Amino acid sequence: MDIIETIKDQIAKNTVLLYMKGAPNAPQCGFSAKASQALMACGEKFAYVDILQNPEIRANLPKYANWPTFPQLWVDGELVGGSDIIVEMHAAGELQPLIKAAVEKNATA
């Protein structure tokens, strides 16, 4: 499977997916730390891919997503955005309902 197919497969198989540097419990950059903390505060399970361990994904995801930076949050197959957007949505009370609705929708699918 080529790397773009791998990325598409990851996004399709995971309702909530965070591409980040490091892991949620051990982020490797401040932006990934903020994003994963906001996501963990929503109380739903989410998948993540450590792009530092996956250099091909790190190199190709920005082209696929048309989004140049990491982290990247994908919910229900759609790119939500990066750290600033995630943190702003969390602060505004918009992130949790989005995550919860996607998880509930896919739990019954």
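Residues numbered from 1 in each chain as written. Predicted model: local features only at pLDDT ≥ 70, side-chain atom pairs only at ≥ 80, totals over all residues. Heavy atoms only, no water.

> I tried to follow the overall build of the protein chain on my own but got confused; where do I start?
Counting its secondary structure elements, the protein chain contains 5 helices and 6 strands. Counting helices and strands in the order they occur from the N terminus, the protein chain gives α-β-β-β-α-β-α-β-β-α-α. For 109 residues, the compact-globule estimate of 2.2 N^0.38 gives 13 Å, and the C-alpha radius of gyration of the protein chain, at 13 Å, lies within 12% of that figure. Split into buried and exposed, the 109 residues of the protein chain put 40% on the buried side. Counting only contacts in the protein chain whose residues sit at least 6 apart along the sequence, the fraction spanning at least 24 positions is 60%. By element, 51% of the accessible surface of the protein chain is carried by carbon and sulfur atoms, the whole surface being about 6,000 Å². (Helix = DSSP H or I, 4+ residues; strand = E, 2+ residues; numbered from the N terminus. Rg over C-alpha atoms; globule rule 2.2 N^0.38 Å. Buried < 20%, exposed > 50% of the residue type's maximum accessible area, 1.4 Å probe, protein only. Contact = heavy atoms within 4.5 Å. Areas by Shrake-Rupley, 256 points an atom, 1.4 Å probe, with all protein chains shown as cover.)

> Honestly, the pattern of salt bridges in this entry has me stumped. Any pointers?
Think of it this way: side chains of opposite charge can pair up when their charged atoms draw near. Applying the stated rule across the entire model yields 5 salt bridges. Taking the shortest distance from any N to any O, the salt bridge between Glu 104 and Lys 100 comes out at 3.9 Å. Of this pair, Glu 104 and Lys 100 both sit in helix α5 (residues 95–108), 4 residues apart, roughly one helical turn. Assessed through its relative accessible area of 45%, Glu 104 is described here as partly exposed. The partly exposed category is assigned to Lys 100, whose relative accessible area is 38%. It is possible to trace a salt-bridge network through shared partners that takes in Glu 44, Lys 100 and Glu 104. (Salt bridge = Lys/Arg side-chain N within 4 Å of Asp/Glu carboxyl O.)

> When you look at α5 in this model, what are you seeing that I'm missing?
The α-helix winds at 3.6 residues per turn, so residues separated by three or four positions along the chain end up facing the same way. For α5, spanning 14 residues, the distance from its first C-alpha to its last is 20 Å, which sits close to the expected 20 Å at 1.5 Å a residue. Within α5, burial applies to Leu 95, Ile 99 and Ala 102. The buried residues of α5 occupy an angular sector of 70 degrees when projected down its axis, which confines them to one face. Along α5, the residues that are exposed and aim more than 90 degrees away from the buried face are Ala 107 and Thr 108. Against β1 (16–20), α2 (30–40), β5 (72–75) and α4 (83–91) lie the buried residues of α5. (Expected span 1.5 Å × (residues − 1). Arc of directions from axis to C-beta.)

> Can you help me understand helix α3 (residues 55–65) in this one?
Within α3, burial applies to Ile 57, Asn 60, Leu 61, Pro 62 and Ala 65. On its buried side, α3 packs onto α1 (3–13), β1, β4 (47–50), β5 and β6 (78–81). Immediately downstream of α3, the backbone of Asn 66 shows phi near 60 degrees, a positive value.

> I keep staring at the nonpolar core and nothing clicks. Help me out?
Nonpolar side chains in soluble globular proteins tend to end up buried together. Val 16, Leu 18, Leu 39, Leu 73, Ile 86, Leu 95 and Ile 99 are the most contacted members of the largest nonpolar core, which totals 15 residues. Every element with two or more residues in this core is listed here: β1, α2, β5, α4 and α5. Once residues lying within four places of it in the same chain are set aside, the contact partners of Leu 18 are Ala 35, Ser 36, Leu 39, Phe 46, Ala 47, Tyr 48, Val 49, Pro 71, Gln 72, Leu 73 and Ile 86. The next biggest cluster of nonpolar side chains, apart from the first, holds 13 residues, and it includes Ile 11, Ala 47, Ile 57 and Phe 70. (Core = buried A, V, L, I, M, F, W, Y, C linked by side-chain atoms within 4.5 Å.)

> What am I meant to see in unusual backbone geometry here?
Residue Pro 71 follows Phe 70 across a cis peptide bond; omega there is 5 degrees. Unlike most non-glycine residues, Asn 66 shows phi in positive territory, near 60 degrees. Following the sequence through the fold, Asn 66 ends up in the loop between α3 and β5. Within the chain, Asp 76 stands out as a residue other than glycine whose phi angle is a positive 55 degrees. Inspection of the secondary structure assignment puts Asp 76 in the loop between β5 and β6.

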